[in-house]
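What follows is the residue order along each chain.
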Amino acid sequence: MSNGLWTTSVGSFPKPPELLKARTDHAAGRLGDDELHALERQATEDWIRFQEEIGVDILVDGEMYRGDMATFFAEEMDGFEIGGLVRSYGNRYYRKPIATGAVRRSHPMTVEAWKYAQSLTKRPVKGMLTGPYTIADWSFDEHYGSRRDFVLDLARAIHDEAMDLAAAGARFIQIDEPAASARMEELPLVAEAMGIVTEGLEAHAITHICYGDFMRAYPTMLDIPVDQIDLEMTNSDYDLLERFRDVPFTKAIGLGVVDVHSHRIEAVDEVVRGIKLALEVLPPERIFVDPDCGLKTRTVEEAEQKMRTIVEGVRRVRDEMGIGDELPEGGPTEGRRAGAPAAA
């Protein structure tokens, strides 16, 4: 029996109302560090317990200790200052990092949070990092003057963090690059930087790319040296899968099967359909099933319902097709160096 169709999530979950209020109070000086930290740990435990309860295979910590995914890392690294509020999308804002000097990592940034989450479960918990290209793209540069130099310095910093996560025991490490498909001409830079991040990394390396022009990015995206590429699929009705018939997908895939920007809860049959479409072009052992993107923009109840739908959809397909649920070992795969086919 083959195993596969492993369920997971892209990374973020919504913060419960009490934690959102606590973060506001902390920023205003009304709440101390220890009190905030305790609430973040409790919210992390709640999300770990929920994922275990519904049967998710590879867990995430939900990123309860982070605000913006780029600013969090900039705040922890040397060479950055944090600017004022910038609108990102809708009515959401973040404080934009500013590179004012050479950026470098001076201490572990996520290792303790990962260790805590992993201590709560026997199932694997993914290490969660933001990629160098996205941090640079979402920051102002007042130091380098060279986009490539900025990105590659960040790559060295994120590499050190990834290596520490792997040394701590992380078998799956995700390096998010949501900005990667914004500029097609810079995909080679994304790949070059990721090559630095994953060099010597003894873990299953994943990158998440979302809401870009995937038709133009494919198959060049296969040159990114990771074991798995996580892609949103529902908004395009899985049309990228048709391209895989002409130019085979050479890595594992994170198959996004629910829309994180919609309040609507998908029917289980919709998830089943998406999984079966993927199985027409990829074997189950190379398919990880998850939401299109992080779920932090949904309510707690919506995020829970969407995750339940994913797990139930996978369970139905596994039962129908005789696919097992034994977990993968985690670690480098042949797909990491399997780039775009030469003839493509």
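Above this text sits the structure in question.
Predicted model, so just to flag it, every value in this text is computed and none were measured.

It is worth spelling out the sheet that holds strand β4 (residues 127-130) at this point. Taken in spatial order, the seven strands line up as β1-β10-β9-β8-β7-β6-β4 in an open sheet, and their pairing is parallel. Among the strands making up the open sheet, the edge pair consists of β1 (6-7) and β4. As paired strands, strand β9 (residues 252-256) and strand β10 (residues 287-290) are joined by four bridges and run parallel to one another. The residue of β10 that forms the bridge with Leu255 is Val289.

Let us now look at the packing of aromatic side chains. Evaluated as defined, the whole model comprises ten aromatic pairs. With a centroid separation of 5.0 Å and 90° between ring planes, the pair formed by Phe72 and Phe73 is classed as edge-to-face. Overall, Phe72 belongs to the buried group, its relative accessible area being 9%. A centroid spacing of 5.2 Å and a plane angle of 15° characterise the contact between Tyr144 and Phe150, whose relative ring orientation is stacked. For Tyr144, a relative accessible area of 18% puts it in the buried group. Put simply, the rings of Phe13, Trp47 and Phe50 pair up and form one aromatic cluster. Against the face of Tyr116 rests Arg41, its NZ or CZ located 3.7 Å from the ring centre. For the cation-ring pair, Lys96 lies above Phe140, with the distance from its terminal atom to the ring centre recorded as 4.3 Å.

Evaluation of the coordinates by the stated rule reveals 29 salt bridges. A salt bridge links Arg148 to Glu192, with the nearest nitrogen and oxygen atoms 2.5 Å apart. Highlighted residues: Arg148 in helix α6 (residues 147-168) and Glu192 in helix α7 (residues 187-198), separated in sequence by 44 residues. Take Arg148: its relative accessible area is 41%, and that puts it in the partly exposed class. The class of Glu192 is partly exposed, set by a relative accessible area of 32%. One salt-bridge network, held together by shared partners, links Asp137, Arg147, Arg183 and Glu186.

The next thing to look at is the environment of Arg245. Relative to the helices and strands, Arg245 resides in helix α9 (residues 240-246). Once the C-alpha coordinates of Arg245 and Leu282 are considered, the two residues, 37 residues apart in sequence, prove to be 9.6 Å apart. If near-sequence neighbours (up to four positions away) are discounted, Arg245 is found in contact with Glu280 and Val281.

Turning our attention to the pairing of β10. Neither face of β10 is left uncovered, since the one carrying Ile287 and Val289 and the one carrying Phe288 and Asp290 both have all their residues buried. Both β1 and β10 contribute to a ladder of two bridges, which runs parallel. The residue of β10 that forms the bridge with Trp6 is Phe288. For the crossover that starts at β9, traverses helix α10 (residues 268-279) and ends in the parallel β10, the hand is right-handed.

Bringing helix α1 (residues 17-27) into the picture now. The complete set of buried residues in α1 reads Leu19, Ala22 and Asp25. Buried residues along α1 cover an arc of 120° about the axis, so they all sit on one side. Seen from the open side of α1, the exposed residues pointing more than 90 degrees away from its buried face are Pro17, Lys21 and Ala27. Among the structural elements, α2 (33-54) are those in contact with the buried residues of α1.

The buried fraction of β9 amounts to five of the five residues, a majority that puts the element mostly inside the structure. Taking every second residue as pointing to the same face, both faces of β9 are buried, with Ala252, Gly254 and Gly256 on one and Ile253 and Leu255 on the other. Looking at chain direction, strand β8 (residues 228-232) and β9 are connected through five bridges and run parallel. Paired with Ile229 across the two strands is Ile253, which belongs to β9. Where the polypeptide runs from β8 across α9 and back to β9, its parallel neighbour, the crossover connection is right-handed.

So, on to the environment of Val281. Relative to the helices and strands, Val281 resides in the loop between α10 and β10. With a relative accessible area of 23%, Val281 lands in the partly exposed category. When the C-alpha positions of Val281 and Ser236 are compared, they lie 17 Å apart, and in sequence the two are 45 residues distant. Ignoring any residue separated from it by four or fewer positions in sequence, one finds Val281 in contact with Leu241, Phe244 and Arg245.

For the bond running from Tyr218 to Pro219, omega is 10°, close enough to zero to count as cis. As for its position among the elements, Pro219 is in the loop between α8 (214-217) and β8. Unusually for a residue other than glycine, Glu63 sits at a positive phi of about 60°. Its identity as a non-glycine residue notwithstanding, Asp237 has a phi of 55°, on the positive side.

What counts and how
- Residues numbered from 1 in each chain as written.
- Predicted model: local features only at pLDDT ≥ 70, side-chain atom pairs only at ≥ 80, totals over all residues.
- Heavy atoms only, no water.
- Pairing = 2+ DSSP bridges.
- Helix = DSSP H or I, 4+ residues; strand = E, 2+ residues; numbered from the N terminus.
- Phe/Tyr/Trp six-rings, centres within 6.5 Å; stacked < 30°, edge-to-face > 60°.
- Buried < 20%, exposed > 50% of the residue type's maximum accessible area, 1.4 Å probe, protein only.
- Lys NZ or Arg CZ within 6 Å of the ring centre and 35° of its normal.
- Salt bridge = Lys/Arg side-chain N within 4 Å of Asp/Glu carboxyl O.
- Contact = heavy atoms within 4.5 Å.
- Right-handed = clockwise from strand over helix to strand, strands pointing away.
- Arc of directions from axis to C-beta.

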